[in-house]
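These are the residues of each chain, in order.
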Amino acid sequence: MTQRPFIIDCDTGTDDAIALMAAFGCPEIKVRAVTSVNGNVREEYTSANNLNLMEYLGIDVEVSRGATLPFYPRGNYYGTTHGRTGLGDVDLPDAQHSSFSKDMAPEVIRRIAAEENGELELLVVGPMTNIAIALSLYPQLKEQIKHIWFMGGAVKGGNVTSTAEFNIWVDPVAAKIVTESGIPLTMVGLDVTEKAVLGRKEEKELREYGSKASVLTADILEYMFKRCQGGGEDALMHDALALAAAVIPECLTCKETFLDVECRGEYTAGHTVTDLRGRMGKKPNASVAVELSLDIFKDWLVECIKRCGKA
Ligand SMILES: [Ca+2]
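As a starting point, this report considers the structure included with it.

Cut-offs applied
Residues numbered from 1 in each chain as written. Predicted model: local features only at pLDDT ≥ 70, side-chain atom pairs only at ≥ 80, totals over all residues. Heavy atoms only, no water. Helix = DSSP H or I, 4+ residues; strand = E, 2+ residues; numbered from the N terminus. Rg over C-alpha atoms; globule rule 2.2 N^0.38 Å. Buried < 20%, exposed > 50% of the residue type's maximum accessible area, 1.4 Å probe, protein only. Contact = heavy atoms within 4.5 Å. Areas by Shrake-Rupley, 256 points an atom, 1.4 Å probe, with all protein chains shown as cover. Lys, Arg positive; Asp, Glu negative; His and termini not counted. Charge placed at Lys NZ, Arg CZ, Asp CG, Glu CD. Donors = N, O, S within 2.8 Å, 3.2 Å for Na, K, Ca; no water. Core = buried A, V, L, I, M, F, W, Y, C linked by side-chain atoms within 4.5 Å. Pairing = 2+ DSSP bridges. Salt bridge = Lys/Arg side-chain N within 4 Å of Asp/Glu carboxyl O.

**Focus on the overall build of the protein**
Piece 1. For the protein, the count of helices and strands is twelve helices and ten strands.
Piece 2. The globule rule puts the C-alpha radius of gyration for 311 residues at 19 Å, and the 18 Å found for the protein is close to it.
Piece 3. The burial tally for the protein puts 58% of its 311 residues in the buried class.
Piece 4. In the protein, of all internal contacts separated by at least 6 residues, the share reaching a separation of at least 24 is 81%.
Piece 5. Just so you have it, the protein exposes about 13,100 Å², and 49% of that area is on carbon and sulfur atoms.
Piece 6. Counting 32 positive and 44 negative side-chain charges, the protein places the averaged centre of each group 2 Å from the other.

Laid out in structure tokens, this is it:
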């Protein structure tokens, strides 16, 4: 099987870590690099989490650092959803034998896109700052990137403000640059990711399986269950669902629509504007996920995590 080349851009992040483990257990794709961005926690943590995770799992892949600030002026918004350093209460050993790429994320994207001759796809599961910088520095990427699958936005309400989802809210300017790029896009937003919940059954199955990746995933799920009991978010697999959109499209129903990002609204900055009713008369530039088949997704995710580290 020819594996599809991917770069995963992420702000790891509890559910990012699970998405990464799933990606490395997906026979359909070849992860060429993991690029880090500011988001759930500061970039110094997201990049360290990426490097530590790859070394812990014994995965040899380029890990780069990336943008430390969004284009949009946001204050200190780092919440407690992912714990202080991004992986909840899970502690990974510091990487001893691996180091970051000499190239920052936008340069990594440029280089690999050129090497892959129009076949490179991006899985973007944090704020889109790195991608926007890459598109600004290297406009040829608009023709070289085959598809961007992203977790972010919502047709309906948000989870940071009443209208904005976190990844897009952090950096709406970057998201607008990406939505206007002309690159084929699939948006996997809160409309479906808030239904992508794992439970005790999956946690137990993964823990009993006993691999490094499956036990780590079970530990992260345990943190999420505690978080939920404390009034926080449930064990939602936001980021892994964007990977699923790319690999098992049958788990989602998507609709072609015009997509843009509100940057200036006093109350609505970070809102993803869609036109599912076709009222705006604008050409569709994105596919937006609107419905999820949860059982298909959960079964696939558990199997991917089990395969992670076995390749
Ligand atoms: Ca994320």
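Additional details are given in the paragraphs that follow.
**Topic: the coordination of the calcium ion**
Piece 1. The protein atoms donating to the calcium ion are D11 (OD), D16 (OD), D16 (OD), V125 (O) and D239 (OD), with metal-donor distances spanning 2.2 to 2.7 Å.
Piece 2. Sequence positions of the residues that donate to the calcium ion give the spacing D-x4-D-x108-V-x113-D. Pair noted here: V125 is in the loop between strand 4 (120–124) and helix 4 (129–137) and D239 is in helix 11 (residues 238–247), with a separation of 114 residues, a long-range link.
Piece 3. For V125, a relative accessible area of 1% gives the class buried.

**Concerning the nonpolar core**
Piece 1. Ranked by internal contacts, the top residues of the largest apolar core, which has 66 residues, are M21, M237, L241, F297, W300 and L301.
Piece 2. If we skip the residues at most four places from it in the chain, F297 touches A196, M237, A240, L241, A244, I248, C251 and L292.
Piece 3. The next biggest cluster of nonpolar side chains, apart from the first, holds 31 residues, and it includes I145, V178, V288 and V290.

**Brief notes about unusual backbone geometry**
Piece 1. T12 connects to G13 through a cis peptide bond whose omega is -10 degrees.
Piece 2. Along the chain, G13 falls in the loop between strand 1 (4–10) and helix 1 (14–23).
Piece 3. One non-glycine residue, N117, adopts positive backbone phi at about 50 degrees.
Piece 4. Relative to the helices and strands, N117 is located in the loop between helix 3 (105–115) and strand 4.
Piece 5. With a relative accessible area of 66%, N117 lands in the exposed category.

**Concerning the environment of I296**
Piece 1. Take I296: it is sitting in helix 12 (residues 294–307).
Piece 2. The exposure class assigned to I296 is partly exposed, which follows from its relative accessible area of 38%.
Piece 3. Along the backbone, I296 and I248 are 48 residues apart, and their C-alpha atoms lie at a distance of 8.7 Å.
Piece 4. With residues near it in sequence (within four places) discarded, I296 still touches I248, E250 and C251.

**What about the pairing of strand 6 (residues 185–188)?**
Two faces, one strand: in a regular strand the side chains alternate between the faces of the sheet.
Piece 1. Covered by surrounding structure in strand 6 are L185 and M187 together with T186 and V188, the residues of both alternating faces.
Piece 2. Bridge count between strand 5 (residues 145–151) and strand 6: four bridges; the pairing is parallel. Counterpart to F150 in the pairing with strand 6 is M187.
Piece 3. Pairing of strand 6 with strand 10 (residues 286–292) involves two bridges; the strand directions are parallel. The residue of strand 10 that forms the bridge with T186 is S287.

**Thoughts on the pairing of strand 4**
Piece 1. Among the five residues that make up strand 4, five are buried, leaving the element largely enclosed by the rest of the structure.
Piece 2. Two elements, strand 1 and strand 4, share four bridges in a ladder whose sense is parallel. Each bridged residue has a counterpart across the sheet, and for I8 the counterpart in strand 4 is L123.

**Section: the pattern of salt bridges**
Piece 1. All chains considered together, the criterion is met by 22 salt bridges.
Piece 2. Note that R32 and E116 form a salt bridge whose closest N and O atoms lie 2.7 Å from each other. Here E116 lies in the loop between helix 3 and strand 4 and R32 lies in strand 2 (residues 29–36), a separation of 84 residues in the sequence.
Piece 3. The class for E116 is buried, based on a relative accessible area of 19%.
Piece 4. Here E208 ties to K204 by a salt bridge, and the two come within 3.2 Å at their closest N and O atoms. With E208 and K204 both in helix 9 (residues 200–209) and four residues apart, this pair spans about one turn of that helix.
Piece 5. Classification of E208 as exposed rests on a relative accessible area of 58%.

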